[in-house]
Amino acid sequence: MPDTLKPLRLLLGLRGLLSRQITTVTSTVGTSAALGDPVIGLVTVELHRLRRSAGLATITTRGGHRHDRVRVAAVGCHHTVLLRPGGRILLPLRFIEALAPHTPTRDGVQPR
């Protein structure tokens, strides 16, 4: 009898894991929305995607300042760390107005 219950236990364990992951994601987005700007949640997701891909991006902040060809090193609850040839930039998420990932071209040169 214990061998027949093994697949059921595995499924219940996976269901619990998925439930915890969904709770984590929704609580993170809820916290971002509680900051007063629901867009911060979407910015955070995009920054994490850029961090995982290690791709170059251009980030425009409020006021029109642009950070060209930067990489995302870390993403926190309120700030992100950007890498550029001159060093690191600590940028509050609420200041980010636009994100534009660079797309590689055939010849390996990325557009400016």
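Residues numbered from 1 in each chain as written. Predicted model: local features only at pLDDT ≥ 70, side-chain atom pairs only at ≥ 80, totals over all residues. Heavy atoms only, no water.

### Focus: a nonpolar patch on the surface
Taken together, the side chains of Leu 10, Leu 11, Leu 14 and Leu 17 define a hydrophobic patch exposed on the protein surface, amounting to about 390 Å² of accessible area. Note that Leu 10 resides in helix H1 (residues 2-34). (Patch = residues over 30% accessible without salt bridge, like charges linked within 9 Å, V, L, I, M, F, W, Y side chains within 5 Å. Areas by Shrake-Rupley, 256 points an atom, 1.4 Å probe, with all protein chains shown as cover. Salt bridge = Lys/Arg side-chain N within 4 Å of Asp/Glu carboxyl O. Helix = DSSP H or I, 4+ residues; strand = E, 2+ residues; numbered from the N terminus.)

### A closer look at the side chain of Thr 80
Position of Thr 80 among the secondary structure elements: in strand E3 (residues 79-84). When its relative accessible area of 1% is taken as the criterion, Thr 80 is described as buried. At 2.8 Å, the side chain of Thr 80 and the backbone oxygen of Ala 74 are in polar contact. Each residue touching Thr 80, except ones within four places of it in the same chain, is listed here: Leu 47, Val 72, Ala 74, Val 75, Ile 89, Leu 90, Leu 91, Leu 93 and Ile 96. (Buried < 20%, exposed > 50% of the residue type's maximum accessible area, 1.4 Å probe, protein only. Polar contact = N/O pair within 3.5 Å; in protein donor to acceptor, adjacent residues only side chain to side chain. Contact = heavy atoms within 4.5 Å.)

### Examining the side chain of Thr 60
By the element assignment, Thr 60 lies in strand E1 (residues 57-61). Aside from chain neighbours lying at most four places away, what touches Thr 60 is His 65, Arg 66, Phe 95, Ile 96, Glu 97 and Ala 98.

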